[in-house]
Every structure is written in structure tokens, then in C-alpha cells.
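What the coordinates show
Residues per chain, in single letters:
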Amino acid sequence: MATERIFVIGAGGQIGTELVEKLRQTYGVDTVLASDIKRASQSVKENGLYEDLDVLDGERMLELVKKYNVKQVYLLAALLSATAEQKVKSAWKLNMDGLFNVLDLAKDGLIDKVYWPSSIAVFGPTTPRQNTPQQTVMEPNTVYGISKLAGERWCEYYHQKFGVDVRSIRYPGLIGYKSDPGGGTTDYAVHIFHQAILNGTYESFLAESTYLPMMYMPDAIRATIGIMEAPSDSIKVRSSYNMAGMSFSPKELALEIKKHIPDFTISYKPDSRQAIADSWPASIDDSVAQKDWGWKADYDLSSMVKDMIENIRVGD
Ligand code: SER
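Quick caveat: nothing in here was measured; it's all calculated off a predicted structure. (Residues numbered from 1 in each chain as written. Predicted model: local features only at pLDDT ≥ 70, side-chain atom pairs only at ≥ 80, totals over all residues. Heavy atoms only, no water.)

Examining the overall build of the protein
What counts here: The numbering of helices and of strands both runs from the N terminus, where a helix is a DSSP run of H or I of at least 4 residues and a strand a run of E of at least 2. Note that the radius of gyration is over C-alpha atoms, with the globule rule given as 2.2 Å times the number of residues to the power 0.38. Contact between two residues is taken to exist if any of their heavy atoms lie within 4.5 Å; hydrogens are not considered. Counting rule for charge: Lys and Arg are taken as positive, Asp and Glu as negative, and neither His nor the chain ends is counted. By convention, the point assigned to a charge is CZ for Arg, NZ for Lys, CD for Glu and CG for Asp.
Check the secondary structure of the protein and you find twelve helices and 14 strands. Whereas a compact globule of 316 residues would reach a radius of gyration of roughly 20 Å, the protein reaches 19 Å, a difference of no more than 12%. Taken along the three principal axes of its C-alpha coordinates, the protein extends 60 × 45 × 40 Å. Considering only intrachain contacts with a sequence separation of at least 6, the fraction spanning at least 24 residues in the protein is 79%. Charged side chains in the protein number 34 positive and 41 negative. The centres of these two groups are separated by 2 Å.

This is the structure in C-alpha cells:
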């Protein structure tokens, strides 16, 4: 029988880079097809199957799905919160039409399972900020948040009406050393490490007391593959699951970094991303994900910071 393949679309991004590596290790190099529109790293392009793909090109997507006998898709191509505010219409188009292209492949029976990431950005200024529950007021006021909330509704719709097996997590800000984030509001929490190690100082684009939910990448990758491996009947929420790791402010993160780099200094110069951060939750209640498919984060602020600094230093 032909190999059934897992297709990662948007494999060059912050999550895709690490997800492809883990999927190749877990299921075998020949089982994973990676794609991106342009910017995948050497490791993603050269260590296994790779094809260029614009997620808006539904015909080519279909061709690749048939050619490689794809049965599962992880759709990671998206414009994040800060970029989407600058490119309103193209962000909406990319984030929505890309999702429809993949959901329709599942509706038409070509693929069996879809993973699509949502975000804490689905919440807005009227949402309770502390320990934000799975079900609550959702009035996002960013382009990215509106597209993610609409995407969640479409995922649930395709599941209910067409039986599509789609699974999703509302990612908090993701922190990792293997790949850079791009265009997000939580990106500071990655940049700060590189600047601390390189220059001993960092200028934060968020104010010192801006608490946001965050997660270390090994937890995020484990959750992503975990929700895809969970039995279908345990996935009761077909919009998207809240998922929590840790919650901290730039000031708290800087203090934790100082434990490893005592001379580190931080200054604050909030820009337009501050308003985005202020509209999002400070912490997340993920008890529904814990109950339904056994999710639990491993890393807290101090274990994440220690691991980040050790690994960035080794890489330098
Ligand atoms: N990390 C994302 C952003 O900042 C949130 O999903 O846009």
C-alpha cells in the first residue's frame, strides 16, 4: 500500500519548523511532506519531502494531496496579529481562504484529518482577562482575532454538517529557540533571549506589566501532535481548545533572565502592539482540554528560561 502522508502547510514558520522536525522523527522522514510559499529553513527543505505551495492555490494543493497520498493536513500558514493589522484584506484572505481550501479537501473525502491553529486572539477587550474560560464572551477587535474566531466557527460547522475531523488549539504566545516568530504581538518573549545573550540588553515593545499567556515550544508541539493522536470521540470541542502554559509580563521575564545573565537590562517602548496585547487575556483556563484529551503543560517560567538560555548559548 502507498504510504499515507502527513502534510504540513506553512512549514517554514515558527511552529512549522519544529513540528516538521518532530513529525519526521516520530512517523519517519518519508511520511511527512512539508511545504511553504518561500521561506522554509534548510533543515525543513533538505531533510525530507518538500514542495513549494501557496495556500491560496487550491489546485496545486489538491495535486500535492493526490501525488503524495496525503491523509492528514496541519495548516499553519497564516498572517499573525501585528502583520494582519498592516495588511487587513490580504490577511483576511490568506487566513480564511487557506482554511477553506483544506476543509474542502476533507469534506470531499480526500483527507481524513485536519489540524488548524487558533489563538488567544479570538478573545477581546470584553472577555474576562484572568483565567479566561473555554466558553466566554468573544469580541476580538483585531483582524487576526476576527479571522481566527471566524475560522473556529467554520471548523465546527464543517465538523457538524459534513463530519470533517478537524482539531484545533488556541495557542498562547509561543517561545522557542529553533525558529523565529514573525509578525506577532508575543514575539518579544523570543527576541528578548537573543538580545540578552548577544547584547545584554533589550527594548521591549510591550509595557513592563503586560501579562500574556505563553507556552514553551516543546509543550506546544506535544499538544499539537497529542490532539491529532487523541481518539476522535474524545475531541468534544470542534471549534478550538483553550490551552495554557504559563503567564508572565516583560518585567517578570526580564527578572528571570537576570538570574542567568545578571547584567541584563531591559527598557520599555510600547508601540502599536501594546493595544493588541491589552485586548487579550492575561491567563487561560484550559481545564476542558485537560479533561477531554488529557492535556497538561510541563514547562513553567523558570524551566523555560533556563532551557532557552542553555540552548541559545550552545547554538551561538
Ligand atoms: N502569537 C500570536 C501573535 O502574537 C498569537 O496567536 O500574533
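Having seen the structure, we can now continue with the description.
Some details on the packing of helix α9 (residues 250-258) against helix α12 (residues 301-315)
This is how the line gets drawn: For helices, the axis comes from a line fit to the C-alpha atoms of the stretch in contact; other axes are also lines fit to C-alpha atoms, and the angle between any two N-to-C directions lies between 0 and 180 degrees. Here the angle decides the label: under 35 degrees means roughly parallel, over 145 means roughly antiparallel, 65 to 115 means roughly perpendicular, and every other value means oblique. Two helices cross in a left-handed way if the nearer one is turned anticlockwise from the farther one by less than a right angle. They cross in a right-handed way if the turn is clockwise.
Here α9 crosses α12 at 55°, and the two axes come no closer than 10 Å. With respect to α12, the element α9 is oriented oblique. Classified by chirality, the crossing of α12 by α9 is right-handed. Across from Glu252, Leu253, Glu256 and Ile257 in α9, the residues of α12 making contact are Leu301, Ser302, Met304, Val305 and Ile309.

A short note on the site of the ligand
Rules: Put simply, a residue is near a molecule or strand once any heavy atom of it comes within 4 Å of that molecule or strand. Whenever a nitrogen or oxygen atom comes within 3.5 Å of another N or O atom, the pair is scored as a polar contact, on the condition that within protein one atom can donate a hydrogen and the other can accept it, and that pairs from neighbouring residues in sequence are kept only if both atoms are in side chains. Each accessible area value is a Shrake-Rupley result obtained with a 1.4 Å probe; residue values ignore everything except the protein chains displayed when judging cover. Gly is placed with the polar residues, together with every amino acid not listed as nonpolar (Ala, Val, Leu, Ile, Met, Phe, Trp, Tyr, Cys and Pro) or charged (Asp, Glu, Lys and Arg).
Taken together, Leu80, Ser81, Ser119, Tyr144, Gly184, Thr185, Thr186 and Trp280 are the residues near the ligand. Tyrosine 144 places a polar side-chain atom, nitrogen or oxygen, 3.2 Å from an oxygen atom of the ligand. For the ligand, a nitrogen atom lies 2.8 Å from a polar atom in the side chain of threonine 186. Relative to its free-state accessible area of 240 Å², the ligand is covered by the protein chains to the extent of 93%. Looking at the shell around the ligand, its residues break down into three nonpolar, five polar and no charged.

Considerations on the nonpolar core
The condition that has to hold: Throughout this description, the term nonpolar core refers to a set of buried Ala, Val, Leu, Ile, Met, Phe, Trp, Tyr and Cys residues connected via side-chain atoms within 4.5 Å. Only protein chains enter the accessibility calculation, which uses a 1.4 Å probe. A residue is then buried if its area is under 20% of the maximum for its type, exposed if over 50%, and partly exposed in between.
Counting residues in hydrophobic clusters, the biggest one holds 40 residues, and the most contacted among them are Ile175, Tyr188, Phe193, Phe248, Leu253, Ile257 and Met304. Elements supplying a minimum of two residues to this core: α6 (143-162), α7 (188-199), β11 (212-216), β13 (246-248), α9, α10 (273-278) and α12. Those residues in contact with phenylalanine 248, other than ones at most four positions away along the chain, are Ile175, Tyr188, Ala189, Thr210, Tyr211, Leu212, Met214, Leu253, Leu301 and Met304. With 35 residues, the next largest nonpolar core counts Ala40, Ala220, Ala230 and Val237 among its residues.

Observations concerning the environment of threonine 83
Residue placement: threonine 83 occurs in helix α4 (residues 81-86). For threonine 83, a relative accessible area of 21% corresponds to the partly exposed category. The sequence separation of threonine 83 and tyrosine 144 amounts to 61 residues, and the corresponding C-alpha distance is 8.6 Å.

Observations regarding the pairing of β11
Inclusion rule: A pair of strands is labelled paired if DSSP reports no fewer than 2 bridges between them.
Counting buried residues along β11, five of its five residues qualify, which places the element largely inside the surrounding structure. Side chains Leu212, Met214 and Tyr216 project from β11 onto one buried face, and the interleaved Pro213 and Met215 project onto a second face that is buried too. In this structure, strand β9 (residues 173-175) lies alongside β11, joined through three bridges in parallel fashion. Looking at β11, one finds that leucine 174 is bridged to methionine 215. Looking at chain direction, β11 and β13 are connected through three bridges and run antiparallel. Its bridge partner lying in β13, leucine 212 is registered against phenylalanine 248.

Focus: the packing of helix α1 (residues 14-27) against helix α8 (residues 217-229)
In the contact formed by α1 and α8, the axes pass within 10 Å of each other and the chain directions differ by 60°. Relative to α8, the element α1 lies oblique. Here α1 runs over α8; the crossing is right-handed. On the side of α1, the interface is formed by Gln14, Ile15, Glu18, Leu19, Lys22, Leu23 and Tyr27, while α8 contributes Met217, Ile221, Thr224, Ile225 and Glu229. Considering only residue class, the contact of α1 with α8 consists of seven nonpolar, two polar and three charged.

Quick notes on the side chain of aspartate 292
Examined against the element boundaries, aspartate 292 turns out to sit in helix α11 (residues 287-293). Looking at aspartate 292, its side chain comes within polar contact range of the side chain of tyrosine 241, at 2.6 Å. Those residues within four positions of aspartate 292 in sequence are excluded, and the remaining contacts are Ser234, Lys236, Val237 and Tyr241.

Here's the deal with the sheet that holds strand β12 (residues 241-242)
Spatially, β6-β8-β12 is the arrangement adopted by the three strands of the open sheet, whose pairing is parallel. Taken across any chain shown, the strands that pair with only one partner, and hence form the sheet edges, are β6 (118-119) and β12. Pairing geometry for strand β8 (residues 169-171) and β12, over two bridges, is parallel. Bridge pairing in β12 links arginine 170 to asparagine 242.

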